Amino acid sequence: MRRRLLHALTLIATLGISLPGTSSMAYAANAANTANTAKVLKTLNVLVTTPESSFDPALASDITTLSINENLFEPMLRYDYLARPLKLKPNTLRAMPEVSADGKTYTLRLQAGIFFSEDAAFGGKRRELQAADYAFAIQRMYDPALKSPWLFMFEGKLQGDEALRGDAYAKTVNSGKVPLIAGIQVLDRYTLRLRLQAADPNFLFILATPATGAVAREVMEFYGNQAGNHPVGTGPFRLGEWKRSFQLNLIANPDYRRPLFDGEAIQDAYSKRIAESLRGKRLPLVQRIRISVVEEQQARVLGFLNREFDSLEQVPAPLSEMVLRDGQLKPELSKQGIQLRLFSPLQTYYVWMNMEDPVLGGYTPDKIALRRAIALSYNHQQDIAMMEKGLAQAAQSPLAPNVIGYDPEFRSPVQFNPVLANALLDKFGYQRGPDQYRRLPDGQPLELTMHTQASTTGRLRDEVWRKNMEMLGIRISFKSDKHSEILRAARLGKVQMTEANWVADFPDGENFFQLLYGPNTGRANYARFNLPEYNRLFEQSRRMADGPERRALYRQMSLYIHAYNPWILRTHPLSADVQQPWLMNFQRHPVDFTNWRYLDIAPDAKQNMK
């Protein structure tokens, strides 16, 4: 039953079919005919599932903060909202970058007349966006004090960037030399030139990531180490009232240039209707976005059903029966005009283990055996059936389906096998004591600590791993904390193991495999995995375009991951998204975290009548 349901849901998601429910387009048409509709402030009500962290683009790596930053800061390129296959287009540039014949030189020409939102850092003057702001944003990622998780996008790629790495950074930045390196050249007020050591097929994708959004030097200097609490960008919104870890308000930026929608729609009839609805309109379409932090799964679903939120992305799988019945939207919800759409995000869920931890870490056979046994205790099928309610598929490699480089034929050699797991522990000296719990080979007690989120979801996941470890005779305790605090501790190497997930920042395999690249330790590589053979393959693969040769390298890298087990690969989710009938133009994007600038609220929306 579950397999048939998952197959049906996956097929629907692949085809981009909108499931039964009153069309928001039809709702909008009816609303447009409503006479004398009272004019109200257009407010989009959305939720995020974890608290925000630092808004500094060079630091933000959690989905919540990236989602917000996407609307505050602007990279030079953006994805077309509706085009499939994915298509990049100019954002703050006048045209797409001029790329040299050898693929090593990118010339980027900015539009004039783009301004940062008003801020005290500018001393009461309007501050125009300049090419130097993008150069500064890239340069900051090299600052060793920041430990930016995004440095992998440029490190070793830009010409002369060895002068910005590690201890050389401060000396180079304070030298007064212009340009600082050959790879970053500001040619004039509106022109930036980036020079690469070798052609990079993913470089245009990189120029569309939130981390490369323009930041003003004056803001960083004015606020110092508090700059992450004072985001100032050129995007369509600015930060308004903010109750930390509870609720944030984004207000339409009065200094934003409000471009006309000019997207394509070539995928299906639904996206074509959205394109027609948006055609000729200036973005954004709402004046305010109210963002609520809702960590508890039940509160998310109840809030949506109570019309507190205009959409609910990724209905929590354990509670999917509150919305779905046999893979379809419940008839009573359909009658209310609520819509269901299924979406396959470029996302992988996994557990990482700290390779520098004295108990779990290391590359000797006994340490590998311990991590392998833990991996063998994980049951994909049971987790997907009981916890995910069929709304997921087993992850075989780090790459999610539809990521460039994904191999649908690859199968992990590490599958659920508690008998083999226990045999491995016996063989490598993890013997059971009189209490039937295992000890380390040196006779000391073996006890693991897993960081988990302080929520109902976190507690449910705790029970999954408690049962897995009981099967092996391993004691495990759980340390609950906020997501942002877990990330902070992980960057310092103070987390032994935890569950995590990664959503693609750009749709290529490099974005996932870099998470285990040794030089990224302390940044995006939270597992602190540093295997020379893996590093060599990664460096080789990042210089290649997608093709059989690179996919062969990806296969070898995946096998190294399964051989040393810094990760336990869990699942790729299938997202059931629901929207209220008054929400217009809703479409999930495979890479962009949000669609807020494109959304509109019908004028007689019931949520506005409260």
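Here, the structure is the one placed above.
Note that the structure is a prediction, hence the values are computed from the model and not measured.

**Brief notes about the sheet that holds strand β7 (residues 191–195)**
So, point 1. Read across the sheet, four strands follow the order β4-β5-β7-β6 without closing on themselves; strand pairing throughout is antiparallel. Each edge of the open sheet carries a strand with a single partner, namely β4 (98–99) and β6 (184–188).
So, point 2. For strand β5 (residues 105–109) and β7, the ladder comprises five bridges, and the chain directions are antiparallel. Along β7, the bridge assignment pairs Leu108 with Leu192.
So, point 3. Its contacts with the sheet put helix α4 (residues 131–140) on β6 and β7, and the angle it makes with β6 is roughly 170°.

**As for the packing of aromatic side chains**
So, point 1. Under the definition given, this model contains 20 aromatic pairs.
So, point 2. Taking the centre distance of 5.2 Å and the plane angle of 65° together, the rings of Phe55 and Trp242 count as edge-to-face. Linking Phe55 in the loop between β1 (43–48) and α3 (63–72) with Trp242 in strand β8 (residues 237–243), this pair joins segments that are 187 residues apart in sequence.
So, point 3. Judged by centre distance (4.9 Å) and plane angle (55°), the rings of Tyr106 and Phe203 are tilted. Of this pair, Tyr106 sits in strand β5 while Phe203 sits in helix α6 (residues 203–206), placing them 97 residues apart in sequence.
So, point 4. For Phe203, a relative accessible area of 0% corresponds to the buried category.

**Section: the environment of Val464**
So, point 1. Following the sequence through the fold, Val464 ends up in helix α14 (residues 456–472).
So, point 2. What makes Val464 buried here is its relative accessible area of 18%.
So, point 3. Through-space distance from the C-alpha of Val464 to that of Glu499 is 12 Å; in sequence the pair is 35 residues apart.

**Here we look at the packing of helix α17 (residues 532–541) against helix α18 (residues 548–564)**
So, point 1. At a closest axis distance of 10 Å, the pairing of α17 and α18 adopts a crossing angle of 155°. Accordingly, the angle class assigned to the pair α17 and α18 is roughly antiparallel. Relative to α18, α17 is oriented so that their crossing is left-handed. Along the contact surface, α17 presents Glu533, Tyr534, Leu537, Phe538, Gln540 and Ser541, while α18 presents Arg550, Leu553, Tyr554, Gln556, Met557, Tyr560 and Ile561.
So, point 2. Class assignment of the residues belonging to the contact of α17 with α18 gives a composition of eight nonpolar, three polar and two charged.

**Quick look at α3**
So, point 1. With nine of ten residues buried, α3 lies mostly within the body of the structure.
So, point 2. Within the sequence span of α3, burial applies to Thr64, Thr65, Leu66, Ser67, Ile68, Asn69, Glu70, Asn71 and Leu72.
So, point 3. Where α3 is buried, its residues meet β1, β2 (77–79), β8, β9 (247–252) and β10 (288–293).

Quick notes on the rules
- Residues numbered from 1 in each chain as written.
- Predicted model: local features only at pLDDT ≥ 70, side-chain atom pairs only at ≥ 80, totals over all residues.
- Heavy atoms only, no water.
- Pairing = 2+ DSSP bridges.
- Helix = DSSP H or I, 4+ residues; strand = E, 2+ residues; numbered from the N terminus.
- Contact = heavy atoms within 4.5 Å.
- Axes fitted to C-alpha atoms, helices over the stretch in contact; angles between N-to-C directions.
- Phe/Tyr/Trp six-rings, centres within 6.5 Å; stacked < 30°, edge-to-face > 60°.
- Buried < 20%, exposed > 50% of the residue type's maximum accessible area, 1.4 Å probe, protein only.
- Parallel < 35°, antiparallel > 145°, perpendicular 65-115°, else oblique.
- Left-handed = near helix turned anticlockwise from the far one by under 90°.
- Nonpolar A, V, L, I, M, F, W, Y, C, P; charged D, E, K, R; others polar.

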